[in-house]
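Chains, contacts and geometry: an overview
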Amino acid sequence: MKNLFRDARTHHAWLQRDVSDETLKEVYELAKWGPTSANSSPARIVFVKSKAEKEKLISCLSPGNVEKVKAAPVTAIIAQDEKFYDQLPKLFPPSQGMRDLFASDLTLSQATAFRNSSLQGAYFILAARAIGLDCGPMSGFENKKLDELFFSGTNWKSNFICNLGYGDSSKLFPRLPRLEFDFACKII
C-alpha cells in the first residue's frame, strides 16, 4: 500500500530508463478493471514515446511542463471518448437501452465521459504505481490544440496527461502537506 499512496510521489525528473510497450500494456490491463458508471469505460489512452510525437505534445504544453515531458520516457494522454455509449451494448449487456439513454442526452453523456475518464485515470495511476512505475500527472496544456493534433477526426477529447517512467528520487522536493480529516471530511 505504501507504494500506491504513502510513499508515492508526483515525479518531475526521470531516470533515462526505457518503459517497454509490454509494461504499458500491463498498466492498461490492470487499470481497465476499475469501476465506471454502467461499465461505460470512456477513457482512451495514447502513450507518447517517439521524439516526433513528443515534439507535437510539447507544442501544447505550458512552459513549466516542457522539461518534465521532455525528460519522461513516456507521456500518457488520458482522454475520453465522447461517444463511449456506442460500446455499451458490448460493455453493459444487461441493459440494451443504456446506449440510447446516453446518445439522446448530450449533457449526461459529456458529464459521464469526463467524470468516468477521470476516475479511470486515477486507476491508471494506481496500476502504474502497482507495477513499479512512477507517475507525474498534470494539467497545464492547451486541450483544444492537443485534441486537434492527436484526435482530429475522432470523438476523443483530452482530459489530462501523465508522465510515466522511473523517477529520479534525488530531485524530489520535500513532501507537501495534506489536509487533515476534520478539515476535509464530515461524517453525518
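Up top you'll find the structure we're talking about.
A brief report on the enclosed structure follows. In this text the structure is predicted, and so the values were computed from the model without any measurement.

Describing the sheet that holds strand β1 (residues 43-48)
Spatially, four strands are ordered β1-β2-β4-β3 in an open sheet, and the strand pairing comes out antiparallel. Each edge of the open sheet carries a strand with a single partner, namely β1 and β3 (134-138). Each neighbouring strand pair of the sheet contributes to a mean axis angle of 25°, computed without reference to strand direction. Packed on one face of the sheet, helix α7 (residues 143-151) meets β1, β2 (74-81) and β4 (156-165) and runs near 85° to β4.

Examining the pairing of β4
Along β4, eight of the 10 residues are buried, which leaves the element largely enclosed by surrounding structure. As paired elements, β2 and β4 share eight bridges and run antiparallel to each other. What sits directly across from I78, in β4, is F160. The pairing of β3 with β4 spans five bridges and is classified as antiparallel. The residue bridging D134 from the neighbouring strand is G165, located in β4.

Focus on the state of the cysteines
In a disulfide, the sulfur atoms of two cysteines are held together by a covalent bond. Enumeration over the complete set of coordinates arrives at zero disulfides. No disulfide involves C60; its sulfur sits 17 Å from that of C162, the nearest cysteine. The thiol sulfur of C162 is not disulfide-bonded, and the nearest other cysteine sulfur, from C135, lies at 4.4 Å.

Quick notes on the side chain of N116
Along the chain, N116 turns up in helix α6 (residues 106-130). Judged by relative accessible area, N116 falls into the buried class, the value being 3%. One polar contact links the side chain of N116 to the main-chain carbonyl oxygen of T112, over a distance of 2.9 Å.

Points about the packing of aromatic side chains
Any two aromatic rings considered together are summarised by their centre-to-centre distance and by the angle between their planes. Taken as a whole and judged by the stated rule, the model has four aromatic pairs. A centroid spacing of 5.2 Å and a plane angle of 65° characterise the contact between F84 and F102, whose relative ring orientation is edge-to-face. Separated by 18 residues along the polypeptide, F84 in the loop between β2 and α4 (88-91) and F102 in helix α5 (residues 98-103) bring together distant segments of the chain. For the pair F84 and F102, one class covers both residues: buried. For the pair F151 and W156, a centre-to-centre distance of 5.5 Å together with 55° between the ring planes defines the contact as tilted. What makes W156 partly exposed here is its relative accessible area of 25%. Geometry around Y166 places R17 over its ring, the cationic atom sitting 3.7 Å from the centre.

Description of the packing of helix α1 (residues 21-31) against α6
The N-to-C vectors of α1 and α6 enclose an angle of 125°; their axes lie 8 Å apart at closest approach. Put simply, α1 runs oblique to α6. Where α1 crosses over α6, the handedness of that crossing is right-handed. When α1 is examined against α6, the residues V27, L30 and A31 are found in contact with a partner set consisting of Y123, F124, A127 and A128.

Thresholds applied
Residues numbered from 1 in each chain as written. Predicted model: local features only at pLDDT ≥ 70, side-chain atom pairs only at ≥ 80, totals over all residues. Heavy atoms only, no water. Pairing = 2+ DSSP bridges. Helix = DSSP H or I, 4+ residues; strand = E, 2+ residues; numbered from the N terminus. Axes fitted to C-alpha atoms, helices over the stretch in contact; angles between N-to-C directions. Contact = heavy atoms within 4.5 Å. Buried < 20%, exposed > 50% of the residue type's maximum accessible area, 1.4 Å probe, protein only. Disulfide = S-S within 2.5 Å. Polar contact = N/O pair within 3.5 Å; in protein donor to acceptor, adjacent residues only side chain to side chain. Phe/Tyr/Trp six-rings, centres within 6.5 Å; stacked < 30°, edge-to-face > 60°. Lys NZ or Arg CZ within 6 Å of the ring centre and 35° of its normal. Parallel < 35°, antiparallel > 145°, perpendicular 65-115°, else oblique. Left-handed = near helix turned anticlockwise from the far one by under 90°.

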